[in-house]
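Each chain, written out:
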Amino acid sequence: MKENFDLHILKNFSKGKYSYNDYLSVKEWFDNVKDFPGFKEELSVEWDEINRKESDEEKSLDHIFEKIHYKILLEDNKKERRFNFYKFYRQAAAILLIPVLAFLLYYLVRPDNNIPLNSGWVEINAPEGARVEFFLPDSSSGWLNSGSKLKFPAVFEQNREVQLQGEAYFEVKHLASSDFTVNVPDFDVKVLGTKFNVLSYAADGQTEVVLAEGKVEISGKAGKFKYTMTPGKRAIFNRETRMLNVEEVEAERFSAWKDGFLVIDNESLEQVLSRIERWYNAKIIVEDETLKSYRFKATFKDEPLEEVLRLIALTTPIKYSIDKREFDANGILKKKIVHMTLKDN
């Protein structure tokens, strides 16, 4: 057994008590399990502890994914992320499920190693007010925006498919023998290897895809339409008219949210409010309908809600008030409630 295999670290990790360096160590042990004699046996002990109260008839992996959760401390990478880690972590700390490690644990210690590939699904949720980085079984990665949900198989089969509700940025690993498809309610996004952003919140009136690199094909449900996108294009599907429109854009602007930027580009207040509500986990009540037509152009980076509202009020005839936050029956703070009205003449 190598010196840097530490049973104490492994046990604390399984309990959710570990540092970022501990996480890196455990990840290395999983990634190079053959280089660490005895590691599999220790995993077997952990597996027995996890399963000793489970029914022998239960075959689903769901209980594994429910019990093995990891708090991932994201490293401050100024070159790639260009934002302050500590501000981000304060805003967007989340408990993430790491499906690859959990499935590998199950696979290594299962006596017969006879596991059907479609035996489990993983679901990752980004609470409102948070952004979550994710990693898929094929080493593809990305970010999940506030109030979004991503679902995918614990192990990909021949064709890789994920289901998205909300907004996500994807960096897909190219595999010549396997397509990658993002399923959203209005259409499917098929890719081979690329970087792109998908926006599909149920409450919004449209679904959109913005392509940064590579090539994607959008296919409407029931064969209604098919369109192949090239970099720098934004495809917008209007749910009311059932029409698809394509325009030239600066693609990076539409994925800036993953780096902590809230970009408002000549948008009406009505368009902006739903994003602000998700971004800050708040409820904004507009008490004068005429305000919804005012347009804004601004970029905010890790600004608190109060600062965003103050700057909006400085440039428009809008005034606002924020209700005192209260606790619900479970002792959890409720959403902030903001009231917007027209300033007095």
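Report on the accompanying structure. Given the structure is predicted, the values throughout are model-derived calculations rather than measurements. (Residues numbered from 1 in each chain as written. Predicted model: local features only at pLDDT ≥ 70, side-chain atom pairs only at ≥ 80, totals over all residues. Heavy atoms only, no water.)

**Examining the pattern of salt bridges**
Heads up, the rule is: The rule for a salt bridge is simple: a side-chain nitrogen of Lys or Arg has to be within 4 Å of a carboxyl oxygen of Asp or Glu. Helical segments are the DSSP runs of H or I of at least four residues, strand segments are the runs of E of at least two, and each set is numbered from the N terminus. When accessible area is computed with a 1.4 Å probe and restricted to protein chains, residues below 20% of their type maximum are described as buried, those above 50% as exposed, and intermediate ones as partly exposed.
For the structure on display, the rule yields 20 salt bridges. Ionic pairing is found between Arg-278 and Asp-204, a salt bridge with its closest N-O pair at 3.6 Å. Linking Arg-278 in helix α9 (residues 269–280) with Asp-204 in the loop between β10 (195–200) and β11 (206–213), this pair joins segments that are 74 residues apart in sequence. Here Arg-278 falls in the buried class, since its relative accessible area comes to 12%. Residue classification places Asp-204 among the buried residues on the basis of a relative accessible area of 17%. Among the salt bridges present, the one from Glu-247 reaches Arg-234, with a minimum N-O distance of 2.8 Å. Taken together, the positions of Glu-247 in strand β15 (residues 243–248) and Arg-234 in strand β14 (residues 233–238) put the pair 13 residues apart, joining distant regions of the chain.

**Brief notes about the sheet that holds strand β20 (residues 336–342)**
We count it as follows: At least two bridges found by DSSP between two strands are what make those strands a pair. Angles run from 0 to 180 degrees between N-to-C directions of axes, and those axes are lines fitted to C-alpha atoms, restricted for helices to the stretch in contact.
Judged by pairing direction, the sheet is mixed, and its three strands sit side by side in the order β17-β20-β19 without closing on themselves. On the outer flanks of this sheet lie β17 (282–286) and β19 (318–322), each paired with one strand and no other. Ignoring strand direction, the axes of neighbouring strands in this sheet form an average angle of 25°. Note that β17 and β20 share five bridges and pair parallel.

**A closer look at the nonpolar core**
Stated formally: Only buried Ala, Val, Leu, Ile, Met, Phe, Trp, Tyr and Cys residues count toward a nonpolar core, and they belong to the same one when joined by side-chain atoms within 4.5 Å. Here a residue-residue contact requires only that any non-hydrogen atoms of the pair lie within 4.5 Å.
Counting residues in each nonpolar core, the largest one holds 32 residues, and the members touching the most others are Phe-170 and Phe-196. Ranked by residue count, the leading element in this core is strand β7 (residues 160–171), at four residues. Beyond its immediate chain neighbours, meaning those up to four positions away, Phe-196 contacts Ala-168, Tyr-169, Phe-170, Val-172, Val-182, Val-189, Val-191, Val-209, Val-210, Leu-211, Ala-212 and Val-216. Among the nonpolar cores identified, the runner-up in size contains 24 residues, and Trp-257, Leu-262, Trp-279 and Val-308 belong to it.

**Here's the deal with the packing of aromatic side chains**
Stated precisely, the cut-off is as follows: Stacked, edge-to-face and tilted labels apply to pairs of Phe, Tyr and Trp rings (six-membered ring for Trp) whose centres lie within 6.5 Å, assigned for plane angles under 30 degrees, over 60, and everything in between, in that order. Remark: a charge is flagged as sitting over a ring if the NZ atom of Lys or the CZ atom of Arg is within 6 Å of the ring centre and within 35 degrees of the ring normal.
Evaluation of the coordinates by the stated rule reveals seven aromatic pairs. Pairing Phe-187 with Phe-225 gives two aromatic rings, centres 6.3 Å apart and planes at 70°, and the pair type is edge-to-face. Placement of Phe-187 in strand β9 (residues 187–191) and of Phe-225 in the loop between β12 (216–220) and β13 (226–229) is noted, with a sequence separation of 38 residues between them. An identical accessibility class is assigned to Phe-187 and Phe-225; each is buried. Taken together, the aromatic side chains of Phe-134, Phe-156, Phe-170, Phe-180 and Phe-196 make up a single cluster linked through ring pairs. Over the face of the ring belonging to Trp-121 we find Lys-151, whose NZ or CZ atom lies 5.4 Å from the ring centre.

**A short note on the side chain of Ser-141**
Here Ser-141 lies in strand β5 (residues 141–144). The residues contacting Ser-141, other than those within four sequence positions of it, are Phe-134, Phe-135, Tyr-169, Phe-170 and Glu-171.

**Section: unusual backbone geometry**
Among all residues save glycine, negative phi is the norm, and among peptide bonds the norm is trans. Despite not being glycine, Arg-242 shows a phi value in the positive range, around 60°. Here Arg-242 lies in the loop between β14 and β15. Positive phi is not limited to glycine here, since Asn-266 has a value of about 55°. You can see Asn-266 is positioned in strand β16 (residues 261–268). Asn-266 gets classed as partly exposed once you look at its relative accessible area, which sits at 45%.

**Comments concerning α9**
The following threshold applies: By this rule, a helix spans an expected 1.5 Å times one less than how many residues it contains.
Look at α9: 16 Å from first C-alpha to last across 12 residues, which is about the 16 Å you get at 1.5 Å a residue. Against β16, β17, β18 (295–301), α10 (305–315), β19 and β20 lie the buried residues of α9. Of the residues trailing α9, Asn-281 is marked for its positive phi of about 50°.

Keep in mind these values describe shape, not function.
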